[in-house]
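Examining the three-dimensional arrangement
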Amino acid sequence: MLYTALSLFVLCVGILWVCPELGLMRLIKSDSYGGLLVRRLLMATVVIPLLLGWLILQGLGAGFFGATFALELFAIASILVFGSLICYSAVGVERLSRQRDKYQAALNANEEKLGSFVEANVIGILFGDIYGNVRNANDEYLRMIGYSRQDLEAGSICWLDITPFEYRQLDKGGIAEAQKDGACKPYEKEYIRKDGTRIPVLVGYTLVGEQREESVAFILDLSKRKQAEAALQQSEERFRLVVDNIPDVFSIYDAQRRLQFVNSEGLRVTGKTNAEILGKTDEEIFPEEINSAYLDSLITAHKTGISQTTQATITFPNYGTLVKLIKYVPVFKKSGELHQILAFHNDITKNVKHAEKALSLGYKRLQLLFDTASDLLSSQKPIALLDSVFQNLSEQIGLDCYFNYLADETQQVLHLASYKGVDEEFANQVMMLDFKQGVCGKSATERHLIALEDVQKSTIPETDCIRSLGITAFASYPLIAGGKLFGTLGFGSVTRSRFSQNEIGMMQAVCDQIAIAIERSRLIGSLQLQTEQLREANRMKDEFLAVLSHELRSPLNVILGWAQLLRTRPNLDEAKKFQALETIERNSRAQKQLIEDLLDISRIVRGKLSLNVTSCNLVPIVEAAIDTIRIAAEAKDIEILFSIRDIEWEASQKVVSLNKQTHKQTQPLQSPIFYPKLFVTGDAERLQQVIWNLLANAIKFTNPGGEVEVKLSVEANTENLLIQVCDNGMGIKPEFMPYVFDRFRQEDSSSTRNHGGLGLGLAIVRHLVELHGGSVSVESPGMGKGSKFTVKLPLLYRKEEYSPVSPLSPPLPPSPSPFLSLAGVHVLVVDDEADTRDFLITVLQQSQAQVQAVSSVAEALECISQSKPDVLISDIGMPGEDGYSLIRKIRKLNPEQGGNIPAAALTAYARTEDRMRAIQEGFQLHLPKPVEPGELTAVVASLAGRGMGNS
């Protein structure tokens, strides 16, 4: 029975195997999940029961168990085996399902990418079959063939119909290759567009489906590439046409230095044919005596890849000797490898001959320029050499006339300095030109070359003058050096219509040399003038130092002499003692004034002189200055007259004579105005200094018994106030008038001069007046006829008061006593000079002050720590620590320790910046030395809180 079952099983399997596409065998061979389960379970359903049955039969035969147990065992084993088999198959199906989902997702992503690629329309894509049907296509494909989407949807497009007949066989070959390999290699063909035109395309496709009849094709538009290829081909044809017709030799070498191309000129010159040259090296074509002239440069370009240029003289048997300028240019591939070497042969044989000729001419012109430069640089009067320069230029260029003008930029005119080739009558007509007048004037204005051709045909107005001379070519050059215009130089010719660029350049070079020579001569003249000025300044310095020494020593001699007499001769009568003290005081004040003038000049030079500007009445200022100088006038018996005049009135005059009490008044012209007030904006102290300096100068140079008048008036038709100081003294020499207000300048600075002084007063006057926005001038009819100094200031406003019984100005209040009472005031004096300390102690004790004097900062601080003074008077310049250090240390102390002591700096440092620093450091006041006793007493009283009423 077993054999029967096996036979039956084999028979069934054979029947199924014979018909594999039908029934169960079709399912078994399927790739579906059902085929997989059938293949897994079919064998098990056949083999497992047979195996279990055989094992159970063996057990029954051996007597291990009974029939009932055998049936139960068979059932249980079958259930377990088939249950496990089913679970295993289910797990496999589940795994396959997950793989299917994963592959399906990847497929969807790829389809999405493909869809995006199709919609991107980068290339044309169509879906069709091998029979010409087009089921779908993107817009790019439709654009190529000129059909619309409606044509596609209507089925009106068949790719076979739009393929020209000559490409049908190519399509068949591609289809056969795709059916065999799945895809074909891309190939070029054409489509017939809807409008009948053709479009070149590149086609590649793959066949899908079981029968490989469906296609996915990719089509690339080759129109632009074909156009580029056509343009390239046309360009190559043009290149070949150009190089074959250029007059120079052109050739191309490959990477092995073999000739690939030689143009027609190269074949003609060498006498060779393409067959004899192409594919060979120069060594193989030409003998050594020909290629030795250029071969090294070619080899160098080949080895280094760097362009080489060489000049070679080559002799060809059938052509002759040529001078060639050869350039080898390597050309590289994108990979960096050498691709070709281009060779350009420029025939410079004629150029060399021309160059030799030009070199000879250039040498002559260079020699001319050298000689011209040498002559001009060796002369300090270059204008005088222009005739010879013109003669040399005429021989080289062919000139007939020239005009040299010198410029006056201030007046904007040109002056004819030299000329040649024209008569004197014409020269007189053009002796002076305005800027922009004529060709030379225009070149001066525009500051560049003007070259004119065919002048006789010109209609430019500037050419009228030169046309009248028959000039046909003209060039005008501005003479400029160092950015400065010195004049113009114009050249004309009546034999030629134009100048060449070389000739223009040569004339330009000559003009540049002339401009430099003019600048050099002027610089030399300027240097000589500066040298003379330096010598004069040095002489003036020596004279000033000598005068300064004299002016310092003279009063010192008087002071020292009278001081020694007072000390050594105590028996001098009271009149002599009074005379001695008065003389010492007068000379001390003279020295003080001298120092003040020097300081003022120092401030003027450094630009540090400042004004305390207010609105001030000039009348009392003038009177104060007159009152200050009155003693000096009385000493020389000189009358000082002071008058105030206006257009409508004249105020009274005040006369100061030898008799100090004599005053007289003149009658007013129209109205009795005795209180005129003339206001200006300025510094009252500095304005008084101006008037005092002018009065002092007038009194100095007026003989005894003379007269000095001060006039104050309002200038007619202006708002200016005039201050005039007139004298009938010695006057001023005309040659010295320009230097009256210069610093350190004196009409007579010799050792035999009649008048002293440093020559600073009038210089200070000019600067102060200018600071006030005014001006000062001087007039003098001549020697012995006096002089008149006029100061002009802007008038702010004026005011008149009518008081016929009053004098010209109100009386001044009585001067306060020079010594105030300082009783009970404790003063600390700090100065390293013993004489100064003694003087200060004496002055302050005379005012009943309690004085303590020390010589150093340390001693001062010790005194302050022991007993706090009421006032501190300190010098600035002291050894070790100065007054600034002292006041800083004091200001750091507590008020109980003396940190708030009122302090004044008494110092010989009298500059403005010294005063500002003293205040900034902590001093309340700054007193320059020398100090008057009354001023010192008043300062201490002020710092101590003592006024006039408290004394």
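Here is what the cut-offs are and how they apply
Residues numbered from 1 in each chain as written. Predicted model: local features only at pLDDT ≥ 70, side-chain atom pairs only at ≥ 80, totals over all residues. Heavy atoms only, no water. Helix = DSSP H or I, 4+ residues; strand = E, 2+ residues; numbered from the N terminus. Buried < 20%, exposed > 50% of the residue type's maximum accessible area, 1.4 Å probe, protein only. Pairing = 2+ DSSP bridges. Axes fitted to C-alpha atoms, helices over the stretch in contact; angles between N-to-C directions. Contact = heavy atoms within 4.5 Å. pLDDT = per-residue confidence, 0-100. Phe/Tyr/Trp six-rings, centres within 6.5 Å; stacked < 30°, edge-to-face > 60°.

Our next topic: unusual backbone geometry. With a phi close to 60°, glutamine 412 is a non-glycine residue in the positive phi region. Within the secondary structure layout, glutamine 412 lies in the loop between strand S11 (401–408) and strand S12 (413–420). You will see that lysine 436, though not glycine, has its phi angle at about 80°, which is positive. Following the sequence through the fold, lysine 436 ends up in the loop between strand S13 (432–434) and helix H17 (438–446). A residue is classified by how much of its surface remains accessible, and lysine 436, at 60% relative accessible area, is exposed.

The subject of this paragraph is the pairing of strand S1 (residues 124–129). S1 sits mainly inside the fold: five of its six residues count as buried. The pairing of S1 with strand S5 (residues 214–221) spans six bridges and is antiparallel. Residue pairing for S5: isoleucine 125 is matched across the bridge by phenylalanine 218. Both S1 and strand S2 (residues 134–137) contribute to a ladder of three bridges, which runs antiparallel.

To continue, consider the sheet that holds strand S3 (residues 187–192). Taken in spatial order, the five strands make up an open sheet running S2-S1-S5-S4-S3, and their pairing is antiparallel. Bordering the open sheet on either side are S2 and S3, each of which pairs with just one other strand. Taking the axes of each pair of neighbouring strands and ignoring which way they run, one obtains an average angle of 35° across the sheet. Most of the contacts of helix H7 (residues 168–181) go to strand S4 (residues 198–208), to which it runs at about 25°, and overall it touches S3 and S4. Strands S3, S4 and S5 of the sheet are contacted by helix H8 (residues 223–245), whose axis makes an angle of about 135° with S4.

Here the protein averages 78 in pLDDT, and 78% of its residues register 70 or above. This stretch, residues 655–674, has a pLDDT under 50; its non-local contacts, to residues over four places away or in other chains, come to 52 contacts. Below a pLDDT of 50 lies the segment residues 749–756, which in the model reaches 14 contacts outside its immediate sequence neighbourhood of four places, other chains included.

Another aspect to go through is the packing of aromatic side chains. On inspection of all chains with the given rule, the structure shows seven aromatic pairs. Where phenylalanine 250 meets phenylalanine 344, the ring centres are 5.1 Å apart and the plane angle is 50°; that geometry is what we call tilted. Separated by 94 residues along the polypeptide, phenylalanine 250 in strand S6 (residues 249–254) and phenylalanine 344 in strand S10 (residues 338–347) bring together distant segments of the chain. A relative accessible area of 4% places phenylalanine 250 in the buried class. Ring centres of phenylalanine 403 and phenylalanine 426 lie 6.2 Å apart, and the angle between their planes is 55°; on these two criteria the pair is classed as tilted. Highlighted residues: phenylalanine 403 in strand S11 and phenylalanine 426 in helix H16 (residues 424–429), separated in sequence by 23 residues. Taken individually, phenylalanine 403 and phenylalanine 426 each receive the classification buried, so the pair is uniform in this respect. An aromatic cluster is defined as three or more aromatic residues linked by ring pairs; in this entry it consists of Phe250, Phe261 and Phe344.

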